[in-house]
Amino acid sequence: MGINVGFDLDLTLADTRAAIAAVYEAMLPSLHTPIDVAIAVSRIGWPLEDELAQWLPADEIPAAVALYRSLYPVIALPATVAMPGAHEALAAVRAAGGRIIVVTGKNPRDARRTVDALGLDVDEIAGSVFGADKGAAIAAFGAAVYVGDHVADVEAARAGGAISVAVATGGCTPAQLAERGADVVVADLTEFVSWYTARTSIPA
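Residues numbered from 1 in each chain as written. Predicted model: local features only at pLDDT ≥ 70, side-chain atom pairs only at ≥ 80, totals over all residues. Heavy atoms only, no water.

**Overview of unusual backbone geometry**
The phi torsion at Leu11 lies on the positive side, around 65°, for a residue other than glycine. Tracing the sequence through the fold places Leu11 in the loop between strand E1 (5–7) and strand E2 (14–15). Unusually for a residue other than glycine, Ser128 sits at a positive phi of about 60°. If you trace the backbone, Ser128 turns up in the loop between strand E5 (124–126) and helix H7 (135–141). (Helix = DSSP H or I, 4+ residues; strand = E, 2+ residues; numbered from the N terminus.)

**Some details on the sheet that holds E1**
Taking strand neighbours across the sheet as the criterion, the six strands line up as E5-E4-E1-E6-E7-E8 in an open arrangement whose pairing is parallel. Because the sheet does not close on itself, it has two edges, and the strands there are E5 and strand E8 (184–186). Sheet twist, expressed as the average angle between the axes of neighbouring strands with direction ignored, equals 20°. With four bridges connecting them, strand E6 (residues 145–148) and strand E7 (residues 163–167) associate as parallel partners. (Pairing = 2+ DSSP bridges. Axes fitted to C-alpha atoms, helices over the stretch in contact; angles between N-to-C directions.)

**Side note on the packing of helix H1 (residues 17–27) against helix H4 (residues 61–75)**
Relative orientation of the contacting elements H1 and H4 amounts to 125°, with a least axis distance of 9 Å. The angle between the axes of H1 and H4 places the two elements in the oblique class. Where H1 crosses over H4, the two elements pack in a sense that is right-handed. When H1 is examined against H4, the residues Ile20, Ala22, Val23, Tyr24, Ala26 and Met27 are found in contact with a partner set consisting of Ala64, Leu67, Tyr68, Leu71, Tyr72 and Ile75. (Parallel < 35°, antiparallel > 145°, perpendicular 65-115°, else oblique. Left-handed = near helix turned anticlockwise from the far one by under 90°. Contact = heavy atoms within 4.5 Å.)

**Quick notes on the packing of aromatic side chains**
Think of a pair of aromatic rings as described by two things: how far the centres are apart, and how the planes are tilted against each other in angle. As enumerated under the stated definition, the model contains five aromatic pairs in all. Ring centres of Phe7 and Phe192 lie 5.6 Å apart, and the angle between their planes is 75°; this geometry places the pair in the edge-to-face category. Taken together, the residues span a long stretch of sequence, with Phe7 in strand E1 and Phe192 in helix H10 (residues 189–200) at a distance of 185 residues. Each member of the pair, Phe7 together with Phe192, is buried. Aromatic side chains Tyr68 and Tyr72 sit 5.7 Å apart centroid to centroid with 35° between the ring planes, which places their arrangement in the tilted category. Pair noted here: Tyr68 and Tyr72 are both in helix H4, with a separation of four residues, about one helical turn. An identical accessibility class is assigned to Tyr68 and Tyr72; each is buried. (Phe/Tyr/Trp six-rings, centres within 6.5 Å; stacked < 30°, edge-to-face > 60°. Buried < 20%, exposed > 50% of the residue type's maximum accessible area, 1.4 Å probe, protein only.)

**With respect to the pattern of salt bridges**
Within this structure, the stated rule accounts for 13 salt bridges. The closest approach of N and O atoms between Asp8 and Lys134, which form a salt bridge, is 3.1 Å. Of this pair, Asp8 sits in the loop between E1 and E2 while Lys134 sits in the loop between E5 and H7, and the two are 126 residues apart along the sequence. Pair check on accessibility: Asp8 and Lys134 agree, each one buried. A salt bridge links Arg69 to Glu49; the shortest N-O distance between them is 3.5 Å. Of this pair, Arg69 sits in helix H4 while Glu49 sits in helix H3 (residues 48–53); the two residues are 20 residues apart in sequence, bridging distant segments of the chain. (Salt bridge = Lys/Arg side-chain N within 4 Å of Asp/Glu carboxyl O.)

**A closer look at the side chain of Asn107**
By the secondary structure assignment, Asn107 is in the loop between strand E4 (100–103) and helix H6 (108–118). Among the polar contacts listed, one links the side chain of Asn107 to the side chain of Asp110, at a separation of 3.0 Å. For Asn107, the residues in contact, after removing those within four places along its chain, are Arg69 and Ser128. (Polar contact = N/O pair within 3.5 Å; in protein donor to acceptor, adjacent residues only side chain to side chain.)

What follows is the structure in structure tokens.
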């Protein structure tokens, strides 16, 4: 019987750095307050509203969120690519009989669009959740492992009662991920495949 696995999306399964940067750049002419795109992209993983709150007055955030989401499908999706090992990681879970959920801070509509655009083979998607708030979806799905690139994903795994596998493909270093309490830290999803395959090949 395979082990069900949850995955984060941005910078875990999907490389959205260039995509999100392009959306922010397209937004700049419409904003009264500029955003430092490089800094914003370095913090991918935060909820969009939280990132915009670092730059904009509170009363401008709803309109900025709406603008971002209107631009995202046209600008971001064509610039999004799969992270190294993403398809292989999902295939390894499938081959062992496991099921897959994506649990992400990205809103559900854009999360689904991203998954579909990249051809990622997943069973369920839970969006607009961050950090420990991901725990309910992880637990309800029965994921025994949660894979993410952010220290908040370690908290998500803990909240969901899952093993935390951290991939150092985002803005957090291996040391930061380990210090936050990740059970396993790997360089990328190609290393996850080796870890998962070894774990599921052990006789019960």
